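Here is what each chain is made of, one letter per residue.
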Amino acid sequence: MAFNAAVLVLAFTGPAAAIHCKSSPAPRLDWSDCNESHLILRRADLEGAILLNTNFTLTNLRDANLKSANLEKAKLVRASLAGANAEKANFARVEAHRTSFVGVSADGASFANAELQRADFSRARLNGANFERAELGRAKFDRAKLKGIRFSFANLSRADLSGAIIEGPIAFDRAVLFLTRIEGMDLSAATGLRQAQIDLACGDAMTKLPPGVSVPASWPCKFD
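These figures come from a predicted structure and were not determined experimentally. (Residues numbered from 1 in each chain as written. Predicted model: local features only at pLDDT ≥ 70, side-chain atom pairs only at ≥ 80, totals over all residues. Heavy atoms only, no water.)

Colleague: Quick one: what's the story with the overall build of the chain, residue by residue and with numbers?
Modeller: When helices and strands are counted, the chain shows 2 helices and 4 strands. Starting at the N terminus and ending at the C terminus, the chain contains elements arranged as α-β-β-β-β-α. For the C-alpha atoms alone, the extent of the chain along its principal axes is close to 75 × 40 × 30 Å. Within the chain, contacts between residues at least 6 apart in sequence are counted, and of these 4% link residues at least 24 apart. Counting every atom, the chain has about 11,000 Å² of accessible surface; 53% of that belongs to carbon and sulfur. (Helix = DSSP H or I, 4+ residues; strand = E, 2+ residues; numbered from the N terminus. Contact = heavy atoms within 4.5 Å. Areas by Shrake-Rupley, 256 points an atom, 1.4 Å probe, with all protein chains shown as cover.)

Structure below.
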């Protein structure tokens with residue numbers, strides 16, 4: 001009986017259980033826990049797809065439709081989502097080191113608790129996006145459109161926000177801004193900013209700060 005039980009377990013946890021991973025890209029499919037790495041999925045329609053813990057390492061998802069998709073805990077290391085539609089997508093707790101989000105449309109998306117070191121968000125639309133507690137060390141936001149975005153508790157060490165287009169308030173409550181580049185930024189409507197954060201950031205004469213926060217005597221800006 002013990003042997004038969006083991007056979008049954010293998011039957012339901014072996015190759016047969018992974019059949020859904022071989023499905024072609026389609027809206028609302030379920031690729032949970034699948035290995036979809038090193039693939040070319042450009043322009044794939046994955047709207048509303050369930051992609052929990054899916055491995056997309058080095059996968060090309062350029063111009064894909066990821067609207068409202070759930071990618072929580074997915075692995076996106078060095079993947080490309082350039083030009084993708086990721087509005088209201090869930091990227092919470094993803095691992096996305098050196099991932100390209102260039103030109104992505106991610107209004108209302110959640111990147112909470114995500115690992116986004118050296119990710120590139122240049123020219124991305126991030127209105128209403130949530131980056132609470134995200135790791136964003138050395139991330140780039142050149143010409144990204146930011147409105148109603150939340151960086152609360154996020155680690156923005158050495159991230160470059162200097163070229164971002166600010167279209168509304170940004171929340172920086174308890175965010176780490178160690179050598180974060182904010183040159184030329186208008187942060188006058190930012191919320192949660194404290195003097196201790198600004199004292200560690202890198203601004204210039206064009207940087208505008210909210211009431212109660214002063215320009216440091218010198219900006220501690222060193223880059224490598």
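Colleague: I'd love a proper account of the environment of F111, names of residues and values included.
Modeller: Of note, F111 is situated in the loop between α1 (2–13) and β1 (145–146). Note on F111: relative accessible area 0%, which makes it buried. Each C-alpha atom, one on F111 and one on A134, is 6.7 Å from the other, the two residues being 23 residues apart in sequence. Beyond its immediate chain neighbours, meaning those up to four positions away, F111 contacts F91, A92, F101, A106, L116, F121, L126, N130, F131 and A134. (Buried < 20%, exposed > 50% of the residue type's maximum accessible area, 1.4 Å probe, protein only.)

Colleague: Which residues make up a nonpolar patch on the surface, and what values go with them?
Modeller: The grouping of V176, F178 and L200 at the surface amounts to a nonpolar patch, some 240 Å² of accessible area in total. Relative to the helices and strands, L200 is located in the segment after α2 (195–198). On the basis of relative accessibility, which here comes to 41%, the residue L200 falls in the partly exposed class. (Patch = residues over 30% accessible without salt bridge, like charges linked within 9 Å, V, L, I, M, F, W, Y side chains within 5 Å. Salt bridge = Lys/Arg side-chain N within 4 Å of Asp/Glu carboxyl O.)

Colleague: Residues and numbers for the nonpolar core, please.
Modeller: Ranked by size, the top nonpolar core spans 65 residues in total, and within it L116 and L126 carry the most contacts. Apart from the residues within four sequence positions on either side, L126 is in contact with A106, D107, F111, F121, F131, F141, A144, K145, L146, K147 and I149. (Core = buried A, V, L, I, M, F, W, Y, C linked by side-chain atoms within 4.5 Å.)

Colleague: Residue-level account of the packing of aromatic side chains, with values.
Modeller: Inspection of every chain in the model, using the stated rule, returns 13 aromatic pairs. Ring centres 5.5 Å apart and planes at 90° place the aromatic pair F121 and F131 in the edge-to-face group. Here the residue F121 occupies a position in the loop between α1 and β1, and F131 occupies one in the loop between α1 and β1, the gap between them amounting to 10 residues. Here F121 matches F131 in class, with each residue buried. Centroid distance F131 to F141: 6.2 Å. Interplanar angle 80°. Geometry classified as edge-to-face. With F131 in the loop between α1 and β1 and F141 in the loop between α1 and β1, this residue pair connects regions lying 10 residues apart in the sequence. Across this residue pair, the class does not change: F131 and F141 are buried. Grouping aromatic residues by their ring pairs yields a cluster made of F91, F101, F111, F121, F131, F141, F151 and F172. It is R133 that lies over the ring of F153; its NZ or CZ is 4.2 Å from the centre. (Phe/Tyr/Trp six-rings, centres within 6.5 Å; stacked < 30°, edge-to-face > 60°. Lys NZ or Arg CZ within 6 Å of the ring centre and 35° of its normal.)

Colleague: How would you sum up the side chain of S80? Please name residues and give values.
Modeller: Locating S80 in the fold gives a position in the loop between α1 and β1. Aside from chain neighbours lying at most four places away, what touches S80 is T59, N60, L61, R62 and S100.

Colleague: Can you explain the pattern of salt bridges? Please cite residues and give values.
Modeller: Taken as a whole and judged by the stated rule, the model has 6 salt bridges. Its salt-bridge partner being R93, residue E72 comes within 2.5 Å of it at the nearest N-O pair. Of this pair, E72 sits in the loop between α1 and β1 while R93 sits in the loop between α1 and β1, placing them 21 residues apart in sequence.

Colleague: Can you break down the environment of K75 residue by residue, with the values?
Modeller: Mapping K75 onto the fold places it in the loop between α1 and β1. Look at K75 and you get partly exposed, because its relative accessible area is 34%. Here K75 is in contact with T54, N55, F56, T57 and E95, once residues within four sequence places are set aside.

Colleague: Tell me what's going on with unusual backbone geometry, and back it up with residues and numbers.
Modeller: Phi is positive for R158, which is not a glycine, with a value near 60°. With respect to the helices, strands and loops of the structure, R158 is situated in the loop between β2 (149–150) and β3 (165–166). According to the relative accessible area criterion, R158 is partly exposed, its value standing at 26%. For R174, which is not glycine, the phi torsion reads 55° and is therefore positive. Position of R174 relative to the elements: it lies in the loop between β4 (170–171) and α2.

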